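Residues per chain are reported as follows:
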Amino acid sequence: MSNSPASLPFSTCDLCDAHISDDSSDFRVLPPVFHSYGAHVGFMGEVSTVQCLDDNSLVRAALAESGDGRVLVVDGGGSLRRALVGGNVAASAAQNGWAGVLVYGCVRDVEELRAASVGLYALALNPMPTVKQGQGLRDVYVQIAGLWIRPGDWLYADADGIVLSRRNLLA
C-alpha cells in the first residue's frame, strides 16, 4: 500500500486537532466502519456523489469520466448484498484520475482493487456482482453512516480515519 503518512499533505488526526471545537457541521468525522481496499490508504479531494442500491450502473459511469482528483462517495445504503465496485471499475477510476472512492456498501476483487492506483474505502467485501438496471441518482446529498455529505464537500482519508469538510482545508 502506498501513501505513507509522511507523503500526504495532511493527517486526519491533525485536522481533527485543528477543528476539535467546530460544532457547525462544516467539519465531520465518519464513524470507524470503513476498511481500506485500494492501493492508496490516504487520499483527499472534492466530493462527487452517487446514490444507488445494489446497482452500480451510475458508479461505473461516474468513474469512467475524468475525475480531476475528486473523490466519489457512493451511498449504497449500507447494503452488504452486492459489491458496488470491483477490479475493472477501480482500474477505470485510477485511469481517469479519481483520487479515491468511498463506498457505503461492499466491494469485490480485492487483489485487483489493491493493484489499482486509487484510494478505496468500503464497509466489506462481497463477491456478488450488482444487477445493472441504470438506477440511482448522481450528485445529490447522501447520508453515509448518519452523516450528510454534499457534492462539493472535501473528503480526507488516511489510516486513522475519514473526515469531511464543507471547504478545502489545505487551500
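Up top is the structure.
Predicted, not measured: the structure shown is a model, and the values here were computed from it.

Draft legend 1. Layout of the pattern of salt bridges. Enumeration according to the criterion identifies seven salt bridges in this entry. Among the ionic pairs, arginine 138 bridges to aspartate 139, the shortest N-O distance being 3.8 Å. The class of arginine 138 is partly exposed, set by a relative accessible area of 27%. Of the residues examined, aspartate 139 reaches a relative accessible area of 38% and is grouped as partly exposed. Salt bridges linked by common partners bring Arg28, Arg150 and Asp153 together as one network.

Draft legend 2. Representation of unusual backbone geometry. For aspartate 109, which is not a glycine, the phi torsion comes out positive at approximately 65°. Note that aspartate 109 resides in the loop between β6 (100–107) and α4 (110–115). One non-glycine residue, alanine 145, adopts positive backbone phi at about 50°. By the secondary structure assignment, alanine 145 is in the loop between β9 (142–144) and β10 (147–149).

Draft legend 3. Broad picture of the packing of aromatic side chains. Evaluated as defined, the whole model comprises three aromatic pairs. For the pair phenylalanine 10 and tyrosine 156, a centre-to-centre distance of 5.4 Å together with 75° between the ring planes defines the contact as edge-to-face. Here tyrosine 156 lies in strand β11 (residues 154–158) and phenylalanine 10 lies in the segment before α1 (12–18), a separation of 146 residues in the sequence. Just as phenylalanine 10 is buried, tyrosine 156 falls in that class too. Here phenylalanine 43 and tyrosine 121 contribute two aromatic rings whose centre-to-centre distance is 5.8 Å and whose plane-to-plane angle is 45°, an arrangement assigned as tilted. Placement of the pair is phenylalanine 43 in strand β3 (residues 43–51) and tyrosine 121 in strand β7 (residues 119–125), with a sequence separation of 78 residues. Tyrosine 121 shares its class with phenylalanine 43; the two are buried.

Thresholds applied
- Residues numbered from 1 in each chain as written.
- Predicted model: local features only at pLDDT ≥ 70, side-chain atom pairs only at ≥ 80, totals over all residues.
- Heavy atoms only, no water.
- Salt bridge = Lys/Arg side-chain N within 4 Å of Asp/Glu carboxyl O.
- Buried < 20%, exposed > 50% of the residue type's maximum accessible area, 1.4 Å probe, protein only.
- Helix = DSSP H or I, 4+ residues; strand = E, 2+ residues; numbered from the N terminus.
- Phe/Tyr/Trp six-rings, centres within 6.5 Å; stacked < 30°, edge-to-face > 60°.

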